[in-house]
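What the coordinates show
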Amino acid sequence: MHSLTNVLKRASRTKPIPEEEEDGGLRRCLKTRDVVGLGMGVTVGAGVFMATGKASEEAGPAVVIALLIAAFGCGCTGLCYAEMANLAPSTGSSYSFVYHSAGELPACMVGLTNIINNVMTGAAVSRGWEGYLRALLVTVGAPVPQFLEGFAFGPFEISFLAPLLLGFVIAINLCGTLAVSTFNNVVTVGSITMLLIYVFGGAANVDPDNWDPFMPTGVSGVAHAAGSVFFSYIGFDVLATLSTEATHSRVIPLGIVLTLALSTCLYCCVGGVFTGLIKYTDISKTAPLASAAELRGLRWLALLVAIGALGNTLTTVIGCVLAQPRLCFAMAQDGLLPSNLVRVNRFGAPARSLLVLSVPALFFALVFDFHKIADVVSVGALCIFSLVCASLILLRCPRALHATGGNSAGAAASHSSNDEEPVRPSMPATRSPRRVIVGLVTFSISIFVLGILFRIPSSSTLAVWLLRGSMAVVILSAAISVFFVCLPFLQSREDTYTWAEQTKRAHGFKLPFMPVPPLIGIMMNVLLISQMSFLTLMEALFLQTVAGAFYFGYSFSRSHLNVTKKTWAPVFASTVPPQEPDDL
């Protein structure tokens, strides 16, 4: 039992926030316009071309409201990323954020999950790009070459163009972040220009009768549509991996905020015009925006949309490939992955990590179609978002300074020299208040159970009342847990401090009304997780189990926190460094 306790203590160790900004070994070359360009390129991808059509089927013209709801919920998570990127800029993004607050084991699981998600997403979107190219050729009336069709080989679905596209993007990434940013900005500007032409060209041809009724499926339809477009706003995790390559600490937070604001405006404009061009009951499932333009006789507009879809899908692949090696690079710097992955080429790119991860990405793009595992990737991403929101609460949570007993000679001397003055506590509490941690866990479980209860059908009167009673109990539990999470923030005094105050950037970008926005982000993410199928949740749990096994099998004994002198630089004079392995 004692050995197990020691193992858990080591697995829950947190990495100190550096007082000064770290360069991480990568070149600082990104300005705000570069970050916004990358953010728009990653965010405005398949979401605007496919998810908008699906959401319009569910909500009708009220898809604009659904887009705003999703933007608010996802924006709370994005703002948490923005503040964390200001507090602890790192190439590790969510991995580093969780490492600073929740501990080494969850951080390793988050990092591995993020790497797998980006590898899978990059391969899957490459397959989607191939599909958009076929659709474009059909739109212009050109014959589709045979090699674009691919073929089935047993359980595999072979594709030739998808790995070629992925290889091209990997080659650009090897040329450095500035080269990737320049190429991405050119493609993104062209793609968004075509979307704006679609908005202004379609606005002159909308039929107001298509907006009546405005909310044909009611509130439930809008709620389902908001869930469908939630992932259309996700791109801030990729931007956070660029923190150590930005020219100023404000660049990443500002880039995340501007990306969320601009993408929301663009989505709402496209959704409003799209539902005005076509009745929501006649929406095509394959190419909704282009089909709507063709039905209104705007063939040239449909062609522009098809070209824009190619460009935006390409930039989404660029974002996925951009994030993969940086996450791997950050974990290798901390010793949780092989140290030989920390290698930067002469262009300032993490070349070794990129080449290692390119092998599985190219293989998956060649032989697999990932539509069946898209939900598993989504569950992993939502779990990571929830952990980042919780991490910000833990870093910003006020905690009391407490005495160290007889270990502080300075405190004892002060007490003997002047008995009338109170002894100033000499050691800050290194752990988050237990009530806050229990409150966050209880809140997440309560929201998950509430989401499950919403899915249970009830036919009889007794079942309805039992369901309502269960919901009332769960809601009460969630409310109590929110109270315990908020209590330290309401009781903050001068003799308290927050873990975020270790850094000089603590007074930079600060999210107001703490901890409300992170709690909203957790609620939205967990509600979406609860709507996944049981099989999907079991598959996601299996992947997390594998990630945990990797940590205990490899990373646990190689973590740089095992050797104090390598990485520990205390900010407070009285801060206690992590214990040596022999002491644990």
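Residues numbered from 1 in each chain as written. Predicted model: local features only at pLDDT ≥ 70, side-chain atom pairs only at ≥ 80, totals over all residues. Heavy atoms only, no water.

The protein carries the name Cationic amino acid transporter C-terminal domain-containing protein in an unreviewed UniProt entry, which gives Durusdinium trenchii as its organism.

This next bit is on the overall build of the protein. What the protein contains, in helices and strands, is 21 helices and five strands. Per-residue burial for the protein yields a buried fraction of 53% across its 584 residues. A sequence separation of at least 24 residues applies to 85% of the contacts in the protein between residues at least 6 apart. In the structure as shown, the protein presents an accessible area of about 25600 Å², 67% of it carried by carbon and sulfur atoms. (Helix = DSSP H or I, 4+ residues; strand = E, 2+ residues; numbered from the N terminus. Buried < 20%, exposed > 50% of the residue type's maximum accessible area, 1.4 Å probe, protein only. Contact = heavy atoms within 4.5 Å. Areas by Shrake-Rupley, 256 points an atom, 1.4 Å probe, with all protein chains shown as cover.)

Time to look at the pattern of salt bridges. If you walk through the whole model with that rule in mind, you get five salt bridges. Of the charged contacts in the structure, one is a salt bridge between Arg396 and Glu83, with a shortest N-O distance of 2.5 Å. Within this pair, whereas Arg396 is found in helix α15 (residues 374-396), its partner Glu83 is found in helix α4 (residues 63-87), the two being separated by 313 residues in sequence. As far as the burial class goes, Arg396 and Glu83 line up, both buried. (Salt bridge = Lys/Arg side-chain N within 4 Å of Asp/Glu carboxyl O.)

The subject of this paragraph is the nonpolar core. Counting 154 residues, the largest nonpolar core has Tyr81, Tyr198, Ile393 and Leu440 as its most contacted members. Of the residues forming this core, the biggest block, 16 residues, is contributed by helix α13 (residues 299-333). With residues up to four places along the chain from it excluded, the contact list for Tyr198 reads Ala203, Val273, Phe274, Leu277, Leu289, Ala292, Ala293, Leu301 and Val305. Grouped together as the second largest cluster of nonpolar side chains are five residues, Leu450, Leu453, Met471 and Val474 included. (Core = buried A, V, L, I, M, F, W, Y, C linked by side-chain atoms within 4.5 Å.)

Let's shift gears to the packing of aromatic side chains. Within this structure, the stated rule accounts for 13 aromatic pairs. Seen in terms of ring centroids, Tyr95 and Tyr99 are 5.7 Å apart; in terms of plane orientation they differ by 55°. Their pairing is tilted. Taken together, the positions of Tyr95 and Tyr99, both in helix α5 (residues 94-101) and four residues apart, correspond to about one turn of that helix. Per residue, the accessibility class of Tyr95 equals that of Tyr99, and both read buried. Between Phe550 and Tyr554 the ring centres are 5.5 Å apart and the planes differ by 25°, which places this aromatic pair in the stacked class. (Phe/Tyr/Trp six-rings, centres within 6.5 Å; stacked < 30°, edge-to-face > 60°.)

The next subject is the environment of Val526. In this structure, Val526 sits in helix α19 (residues 516-530). Separated by 78 residues in sequence, Val526 and Phe448 have C-alpha atoms that sit 5.8 Å apart. Contacts of Val526, omitting those with residues within four sequence positions, involve Ser386, Ser444, Ile447 and Phe448.

We now examine helix α9 (residues 218-229). Its 12 residues give α9 an end-to-end C-alpha distance of 17 Å, which sits within 8% of 16 Å, the value for a rise of 1.5 Å per residue. The set of residues buried in α9 consists of Gly221, Val222, Ala225, Ala226 and Val229. One side of α9 carries all its buried residues, which in axial view fall inside an arc of 140°. (Expected span 1.5 Å × (residues − 1). Arc of directions from axis to C-beta.)

Turning to the confidence of the model for the protein, a few remarks are in order. Counting all residues, the mean pLDDT for the protein is 81, and 83% of those residues have values of 70 or more. The least confident element of the protein, judged by mean pLDDT, is helix α16 (residues 409-417) at 40; the most confident is α19 at 92. Of the regions scoring below 50 in pLDDT, residues 403-428 engages in 20 contacts with residues more than four places distant in sequence or in other chains. Contacts of residues 564-584 to residues separated by more than four positions or lying in other chains number 32 contacts, the stretch itself having pLDDT below 50. (pLDDT = per-residue confidence, 0-100.)

For the rest of this paragraph, the subject is the environment of Asn340. Structurally, Asn340 is set in the loop between α13 and α14 (351-367). For the pair Asn340 and Ser353, spaced 13 residues apart in the sequence, the C-alpha separation amounts to 8.7 Å.

Let us look at the packing of α5 against α15. The interhelical angle for the contact between α5 and α15, taken along N-to-C directions, is 40°, at an axis separation of 9 Å. Our classification of the angle between α5 and α15 gives oblique. Every pair of crossing elements has a handedness; the one defined by α5 and α15 is left-handed. Contacts between α5 and α15 pair Ser94, Phe97, Val98, His100 and Ser101 from the former with Ile384, Leu387, Val388, Ser391, Leu394 and Leu395 from the latter. Residues that form the contact of α5 with α15 fall into these classes: seven nonpolar, four polar and no charged. (Axes fitted to C-alpha atoms, helices over the stretch in contact; angles between N-to-C directions. Parallel < 35°, antiparallel > 145°, perpendicular 65-115°, else oblique. Left-handed = near helix turned anticlockwise from the far one by under 90°. Nonpolar A, V, L, I, M, F, W, Y, C, P; charged D, E, K, R; others polar.)

Two elements in contact, α4 and helix α11 (residues 251-277), have axes whose closest approach is 9 Å; the angle formed by their N-to-C orientations is 170°. On the basis of the axis angle, α4 is roughly antiparallel to α11. For the pair formed by α4 and α11, the contact residues are Val63, Val64, Leu67, Leu68, Ala71, Gly75, Gly78, Leu79, Tyr81, Ala82, Ala85 and Asn86 on the first element and Ile252, Pro253, Ile256, Val257, Leu260, Thr264, Tyr267, Cys268, Gly271, Gly272 and Thr275 on the second.

Among the surface-exposed residues, Ile437, Val441, Ile445 and Val449 lie close enough to one another that they form a single nonpolar patch of about 310 Å² accessible area. On the secondary structure map, Val449 appears in helix α17 (residues 434-455). For Val449, a relative accessible area of 33% gives the class partly exposed. (Patch = residues over 30% accessible without salt bridge, like charges linked within 9 Å, V, L, I, M, F, W, Y side chains within 5 Å.)

Because the α-helix completes a turn every 3.6 residues, residues three or four places apart line up on one side. End to end, α4 covers 35 Å across 25 residues, agreeing with the expected 36 Å (1.5 Å per residue, within 8%). Bending of α4 peaks at approximately 30° at the position of Gly75. (Bend = angle between axes of the 7 residues up to and from the residue.)

The next point concerns the environment of Ala85. With respect to the element layout, Ala85 can be found in helix α4. It is 6.5 Å that separates the C-alpha atoms of Ala85 and Ser243, two residues lying 158 residues apart in sequence. Every residue in contact with Ala85, bar those within four places of it in the chain, is listed here: Phe97, Ser243 and Ile252.

This brings us to the side chain of Arg13. Following the sequence through the fold, Arg13 ends up in the loop between α1 (2-11) and α2 (32-43). Arg13 gets classed as buried once you look at its relative accessible area, which sits at 10%. A polar contact is formed between the side chain of Arg13 and the backbone oxygen of Leu561, at a distance of 3.5 Å. (Polar contact = N/O pair within 3.5 Å; in protein donor to acceptor, adjacent residues only side chain to side chain.)

Another aspect to go through is the side chain of Ser353. Positionally, Ser353 belongs in helix α14. Of the residues examined, Ser353 reaches a relative accessible area of 0% and is grouped as buried. Not counting the four nearest positions on each side in its chain, Ser353 is found in contact with Pro325, Cys328, Phe329 and Leu341.

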